[in-house]
Every structure is written in C-alpha cells, then in structure tokens.
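Summary of the model geometry
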Amino acid sequence: MISFIISSYREDYFRSLTESIEDTTTCSYEIIRIENKGLYSLSQAYNQGAAKAKYEFLCFIHEDVLIHTPQWNQFVLQRFDADERLGIVGLAGSQMTTNLPIGWTTGLARYDKRHLLQRFRDGRSVLQSTQDKGALFDEVEVLDGLLLFTRKTIWEKYRFDEEIGGFHFYDLDFSKRVANDYKLCISYAIVIEHFSEGTFDSNWLQASLEYHTKHNKSLTHKPNRDHLRIIRKTWYTHLGQYDISLVLKLRFLVAMGTDWSTMKQAVKFLFSGVIRLSTIRWGPRLFNP
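This write-up is about the structure you can find in this document. Counting from 1, residues in each chain are numbered in the order their sequence is written. Totals for whole chains, interfaces and linings use all residues, but because this is a predicted model, local features are given only for residues with pLDDT of at least 70 and pairs of side-chain atoms are given and counted only at 80 or more. Working from all heavy atoms in the structure, the side-chain values ignore hydrogens and water.

What follows covers helix H8 (residues 246–256). Categorising residues by exposure relies on relative accessible area from a 1.4 Å probe, with only protein chains included: less than 20% of the type maximum marks a residue as buried, more than 50% marks it as exposed, and the intermediate range marks it as partly exposed. Helix and strand definitions follow DSSP, with helices as H or I runs of at least four residues and strands as E runs of at least two, each counted in order from the N terminus. Looking at H8, one finds that the buried residues are Leu 248, Lys 249, Phe 252, Leu 253 and Met 256. Along the long axis of H8, the arc covered by the buried residues comes to 140°, so they all point the same way. Seen from the open side of H8, the exposed residues pointing more than 90 degrees away from its buried face are Val 247 and Val 254. In the segment just after H8, Gly 257 is the residue with positive phi, at about 75°. The arc under discussion is defined with respect to the helix axis, by the directions toward the C-beta atoms.

Let's shift gears to the packing of helix H6 (residues 202–214) against H8. Lines are fitted to the C-alpha atoms to define the axes, a helix being fitted only along its stretch in contact, and any angle between axes, read from their N-to-C directions, falls within 0 to 180 degrees. At a minimum axis distance of 10 Å, the contact between H6 and H8 shows a crossing angle of 40°. Looking at the two axes, H6 sits oblique to H8. The two elements H6 and H8 cross, and the hand of that crossing is left-handed. When H6 is examined against H8, the residues Ser 202, Leu 205, Gln 206 and Leu 209 are found in contact with a partner set consisting of Leu 248, Lys 249, Arg 251, Phe 252 and Ala 255. The nonpolar class holds Ala, Val, Leu, Ile, Met, Phe, Trp, Tyr, Cys and Pro. Asp, Glu, Lys and Arg form the charged class, and all remaining residues, Gly among them, are polar. Here the contact of H6 with H8 is built from residues that sort into 5 nonpolar, 2 polar and 2 charged. For classification, angles of less than 35 degrees are called roughly parallel, those exceeding 145 degrees roughly antiparallel, those between 65 and 115 degrees roughly perpendicular, and all remaining angles oblique. Helix crossings fall into two classes, left-handed where the near helix is turned counterclockwise from the far one by less than a right angle and right-handed where it is turned clockwise. Residue contacts are defined here by distance: any two heavy atoms, one from each residue, within 4.5 Å place the two residues in contact.

Right, let's get into the packing of aromatic side chains. Ring pairs shown here join Phe, Tyr and Trp side chains whose ring centres sit within 6.5 Å, with only the six-membered ring taken for Trp; geometry is labelled stacked below 30 degrees between planes, edge-to-face above 60, and tilted in between. Applying the stated rule across the entire model yields 23 aromatic pairs. Geometrically, the ring pair formed by Phe 160 and Phe 174 is stacked, given 4.2 Å between the ring centres and 25° between the ring planes. Here Phe 160, found in the loop between helix H4 (152–158) and helix H5 (170–179), pairs with Phe 174, found in helix H5; they are 14 residues apart in sequence, far enough to count as distant. An aromatic cluster is built from Phe 4, Tyr 29, Phe 57, Trp 72, Phe 80 and Phe 149, whose rings are joined through pairwise contacts.

Quick look at the pattern of salt bridges now. Any Lys or Arg side-chain nitrogen found within 4 Å of a carboxyl oxygen on Asp or Glu counts as a salt bridge. Under the defined criterion, the tally for this structure stands at 10 salt bridges. In this structure, the salt-bridge partner of Asp 83 is Lys 183, at a minimum N-O distance of 3.0 Å. Within this pair, whereas Asp 83 is found in the loop between helix H3 (72–82) and strand E5 (86–90), its partner Lys 183 is found in strand E12 (residues 183–187), the two being separated by 100 residues in sequence. Given a relative accessible area of 14%, Asp 83 falls into the buried group. Judged by its relative accessible area of 30%, Lys 183 is partly exposed. Residues Asp 259 and Arg 232 are paired through a salt bridge, measuring 3.8 Å at the closest nitrogen-oxygen approach. Here Asp 259, found in the loop between H8 and helix H9 (263–270), pairs with Arg 232, found in helix H7 (residues 225–239); they are 27 residues apart in sequence, far enough to count as distant.

What follows is about the sheet that holds E5. Here, a strand pair is defined by DSSP locating no fewer than two bridges between the strands. Pairing within the open sheet is mixed, and its 7 strands lie in the order E2-E1-E3-E11-E5-E12-E9. Each edge of the sheet is formed by a strand with only one pairing partner; in this case those strands are strand E2 (29–35) and strand E9 (137–140). If you compare each strand with its neighbour and ignore which way they point, the axes differ by 25° on average. With 4 bridges joining them, strand E1 (residues 2–8) and strand E3 (residues 57–61) adopt parallel strand pairing. Residue Phe 4 lies in a different strand from E3, and its bridge partner there is Cys 59. The strands touched by helix H1 (residues 11–24) are E1, E2 and E3; relative to E2, the strand with the most contacts, the crossing angle is about 170°.

In terms of nonpolar packing, the biggest core is built from 57 residues, with Ile 61, Phe 149, Trp 235 and Leu 239 touching the most fellow members. The element contributing the most residues to this core is H6, with 5 residues. In this view, Ile 61 contacts Phe 4, Ile 5, Ile 6, Leu 17, Tyr 46, Ile 67, Leu 146, Leu 147 and Ile 192; residues no more than four positions away in its chain are not counted. Formed by 24 residues, the second largest nonpolar core is a distinct cluster that contains Ile 32, Ala 50, Tyr 158 and Tyr 170. Take the buried Ala, Val, Leu, Ile, Met, Phe, Trp, Tyr and Cys residues and link them wherever side-chain atoms come within 4.5 Å; each set so joined is a nonpolar core.

As for its placement among the helices and strands, Ala 51 is situated in helix H2 (residues 42–52). Through-space distance from the C-alpha of Ala 51 to that of Arg 159 is 9.9 Å; in sequence the pair is 108 residues apart. If we ignore the near neighbours within four places in the chain, the residues touching Ala 51 are Lys 152 and Trp 155.

As structure tokens, then:
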C-alpha cells in the first residue's frame, strides 16, 4: 500500500530508518532506495524512485530520521480516505507563502506549523509542535520535504521539477504546485525524530536565489508590512549564523529588502562574518586588558 522512497548516502542512517519503518508500519509496503552519493539532485532521485513504485501511496522521506509512532500509517491513510481533495501530508509547513528568497518557515507563529522531534548537536531531542487543542492535522500552503506522503497519481501529475538542482527547494516547488489543486496538511499524529538541524550556507542561499528568481509564483496570502518585518528579522538573524559569501549576502539583501525597522538585522547579517572575526581577534583584549 505504501512505497517509501529514500535518497540515501549513509548506510547507518538508512538501516536505522528501515528498522523504524518495519517496527511501526502495519500495512504492506516496499522500500525503494536510490543510492545517491552526489549522483542526482533530490528531484531526480525522487522521480526515479516514484517511477519504480508499485503501491498507491508514496512516502518521500529523508534518511536521517526515525519513526516513533506505532501504526502511524493508519492515521494518514484514514485522512486520505476521508478527504479526496487531500494532496500531501507532511510534518512541517506554513500557512503563508511568500516570493521572498526564504525557506518554508516565515517566523510568523500564527502561520508556521510543525510536529517533529528535533535532535540537536548537543544531543538534546526536543518535540517542536504547534498542535492546538488535540488537533490531528493542520492545513498549510507549503510543506517541508522531511516527509511528503501523497498518492502516486498526484506525483504522476506534478512530478518533482528536475530543473531544480541539488537538495533544496524541490519540496517548496512540488508542494506549492500541488496546493493549486489539492489540500496540504501537516500531521500531529506522527512523531518522527530528525537528526539534522540543517545547513544554511552559501550553497543553500545560492539555490534560494536561483529558485525564487525562476519560480516567482502567485500568493494566496500576501504578506503585509508587519509580516514582512518579522520575516526579514527572522531570516537576517538566522542566516547571520552561517558562513556565507559577501556577494551572496548582498544579492540576498537586495531580494529581501529592508526598512527602518529591520535595518539593524540587515546590517548585522551583512557584516556578520567580520563581526565574528573581530570578536575572535579583539575579544580577549577587551575583556582581559
């Protein structure tokens, strides 16, 4: 009934994931592994795997996760049975899409939805959940690619865009296109542990700028001024933690825009590398004269 499609490059991750699938899945399934040590983009790998699938439902899933919820598949399949307009179920997404060069999250607590057990580099695992009053699902406008559960007929209609190279923004593009005709949901009935915090380096930012330049789509909820302020602050602050080239920072700054309320975050983002270097070089003198 379910074809799991996994782009894989680490044997330890893949083995642990398949064991968790076996322990928690109660219907018939198959696992399609696309060995992918830099051979394909994620769009290419997922399309290859989906083309081989023999079951009605497809589960595109990252290999650096574990499924913890017993019989989790029953909750998702029941949801599909109950709603013929349901297109994809995921674990993280937002109820607002923008044309800004960002990922799925906006920083707007009202709109961003998630339910996953996040493992951090210090060894902590924290349940990040926006579940409200026992809800099992929340509708969203766009989904993160950690897990994408859909019908094979929907994949056949929309397929992953293989012009999107690498491992970023395939999920935003796929889910946005499906959302034009179907509903997207995140599920609060599944607990999956995710072992990666993600990397937002120059490669990610380059992919973001390329994707949003080529795929400038219409929006369901256009951000207002207050939304833009929060989105800009969130992403300038977040990306300021990573080592990104100055050229890409300038391009991102132009694409994102700024105003007086976000100027401080924009400047800190632009010169974050210089600030970190200055702290390393001069910090001891300032505090230990």
